[in-house]
Amino acid sequence: MLESTPAGALFRKLTPAQKVRYAKRTGENVFFASVAEMDEAVLGVAVDEPADE
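Computed from a predicted model, the values in this text were never measured in an experiment.

**A look at the overall build of the protein**
- When helices and strands are tallied, the protein shows two helices and two strands.
- Seen in sequence order, the protein has helices and strands lined up from the N terminus as β-β-α-α.
- The proportion of buried residues among the 53 residues of the protein is 11%.
- For the protein, the share of sequence-separated contacts (at least 6 apart) that also reach a separation of at least 24 residues comes to 12%.
- With the model as given, the accessible surface of the protein reaches about 4700 Å², and the carbon-plus-sulfur share is 58%.

**Let's talk about the side chain of Lys19**
- Secondary-structure assignment places Lys19 in helix α1 (residues 16-26).
- Judged by its relative accessible area of 13%, Lys19 falls in the buried class.
- Look past the residues within four positions of Lys19 in its chain and what remains in contact with it is Leu14, Val30, Phe31, Phe32, Ala33 and Glu37.

What counts and what doesn't
- Residues numbered from 1 in each chain as written.
- Predicted model: local features only at pLDDT ≥ 70, side-chain atom pairs only at ≥ 80, totals over all residues.
- Heavy atoms only, no water.
- Helix = DSSP H or I, 4+ residues; strand = E, 2+ residues; numbered from the N terminus.
- Buried < 20%, exposed > 50% of the residue type's maximum accessible area, 1.4 Å probe, protein only.
- Contact = heavy atoms within 4.5 Å.
- Areas by Shrake-Rupley, 256 points an atom, 1.4 Å probe, with all protein chains shown as cover.

This is the structure in structure tokens:
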């Protein structure tokens, strides 16, 4: 999504899911703007089910 600064510049703000995909792809850390944004990202991450033994 695009947002603007008070000076009028436009910048692209990544969604929580896009931040997670970016972190997986690059290995870099990502930061979330709020607890709600972090919760959304955590709830959207797929969990690997343990293999039956």
